[in-house]
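What follows is the residue order along each chain.
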Amino acid sequence: GINAEYGKQWYQRRVRGRDCFALSKLVGEEGEVVGIDMTKEQIEVARQYIDYHTTKFNYSAPNTSFVDGFIEDLSSAGLQPSHFDIIVSNCVVNLSPDKLAVLKQAYDVLKEGGELYFSDVYTDTMLGDDVRKNKVLWGECISGALHWKQLHDLAAQVGFSKPYLVITSPIEIDRPEFLEILGDAKFCSATYRLFKLTRAQVRG
């Protein structure tokens, strides 16, 4: 199984399940893709395209579904433990107020050896509460950014492997009102891979 793109309206505004449908093609007819979103409207829009892609890919039956739920509580959304091979997430974790819960839930639904492959926003500064609580910066995916060391600490706490960096690029902050609040803090977009280690790997 493959669990593609945790979708919430505020981190996946282009939704319509596009990442899910791209992965639907990659995993093939025998694979499985599940998209999750907290907004029923986004779920309904994405579901409208299931039949189209099933026909487009020449599949005999759909291999993609969309469920209503929260990334901090995947089990309540019906996602089974130790079921998925990979989770793909695109600029999501920074928008969750409980990042530890997100990683714990991802870990729980992955099979041993499974992977969390995700892109997100990071900072070189431990951001203060005045920044964290700024609603505008939160909506811009800035104030929820993790310091890279926090990601390493959370991954270790949950039981994931160390984070493996795939690619990174700087994010330029040029709005004066943002710079006044953020000071010298620097931000980047980075893609990481985290693996759920097997029991043998943990013992080793």
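Structural data are supplied above this passage.
Presented here is an overview of the structure given in this document. All residue numbers refer to position in the chain's written sequence, counted from 1. With the structure being a predicted model, the display of local features is reserved for residues of pLDDT at least 70 and the display and counting of side-chain atom pairs for 80 or more, all residues being used for whole-chain, interface and lining totals. Hydrogens are left out, water is left out, and the side-chain values use all remaining heavy atoms of the structure.

**Let's talk about helix α1 (residues 18-27)**
Each residue is assigned to one of three classes by its accessible area relative to the maximum for its type, calculated with a 1.4 Å probe on protein chains only: buried under 20%, partly exposed between the two thresholds, exposed over 50%. Helix numbering and strand numbering both begin at the N terminus, where a helix is a DSSP run of H or I of at least 4 residues and a strand a DSSP run of E of at least 2. The complete set of buried residues in α1 reads Cys20, Phe21, Leu23 and Ser24. End-on view of α1: buried residues confined to an arc of 160 degrees, all on one side of the axis. Residues of α1 that are exposed and angled more than 90 degrees away from the buried face: Arg18 and Leu26. Gly28 sits one or two positions beyond α1 and adopts a positive phi of about 80 degrees. Each direction from the helix axis to a C-beta atom contributes to the arc, which is the arc of those directions.

**Quick notes on the packing of helix α4 (residues 99-109) against helix α7 (residues 148-158)**
Where α4 contacts α7, the two axes come as close as 10 Å, and the packing angle between them is 45 degrees. Taken together, the axis directions place α4 and α7 in an arrangement best described as oblique. When the axes of α4 and α7 are compared, the crossing they make is right-handed. Taken together, the residues of α7 that come into contact with α4 (itself represented by Lys99, Leu100, Leu103, Lys104 and Tyr107) are Leu154, Ala155, Gln157 and Val158. Residues are grouped as follows: nonpolar covers Ala, Val, Leu, Ile, Met, Phe, Trp, Tyr, Cys and Pro; charged covers Asp, Glu, Lys and Arg; every other residue, Gly included, is treated as polar. Residues belonging to the contact of α4 with α7 are distributed by class as follows: six nonpolar, one polar and two charged. The angle between two axes is taken between their N-to-C directions and runs from 0 to 180 degrees, where each axis is a line fitted to C-alpha atoms and a helix contributes only its stretch in contact. An angle below 35 degrees is read as roughly parallel, one above 145 as roughly antiparallel, one from 65 to 115 as roughly perpendicular, and any other as oblique. The crossing is said to be left-handed when, going from far helix to near helix, the turn is anticlockwise and less than a right angle, and right-handed when the turn is clockwise. The criterion used for residue contact is that any of the two residues' heavy atoms lie within 4.5 Å.

**Re the packing of aromatic side chains**
Aromatic rings from Phe, Tyr and Trp, taking only the six-membered ring of Trp, are treated as a pair when their centres fall within 6.5 Å; an angle between ring planes under 30 degrees marks them as stacked, one over 60 as edge-to-face, and anything in between as tilted. In this structure the tally under the stated criterion is five aromatic pairs. Between Tyr107 and Phe160, the ring centres sit 5.2 Å apart and the planes meet at 85 degrees, which makes this aromatic pair edge-to-face. You can see Tyr107 sitting in helix α4 and its partner Phe160 sitting in the loop between α7 and β7 (164-171), a full 53 residues away along the chain. The pair Tyr107 / Phe160 is uniform in exposure class, with both members buried. Ring geometry for Tyr164 and Phe195: centres 6.1 Å apart, planes at 70 degrees, overall edge-to-face. With Tyr164 in strand β7 and Phe195 in strand β8 (residues 187-195), the pair connects residues that are 31 residues apart, well separated along the chain. Tyr164 gets classed as partly exposed once you look at its relative accessible area, which sits at 39%. Definition used: whenever NZ (Lys) or CZ (Arg) falls within 6 Å of the ring centre and also within 35 degrees of the ring normal, the charge is taken to sit over that ring. When the ring centre of Tyr107 is taken as origin, the NZ or CZ atom of Lys196, which lies over that ring, is 4.7 Å away.

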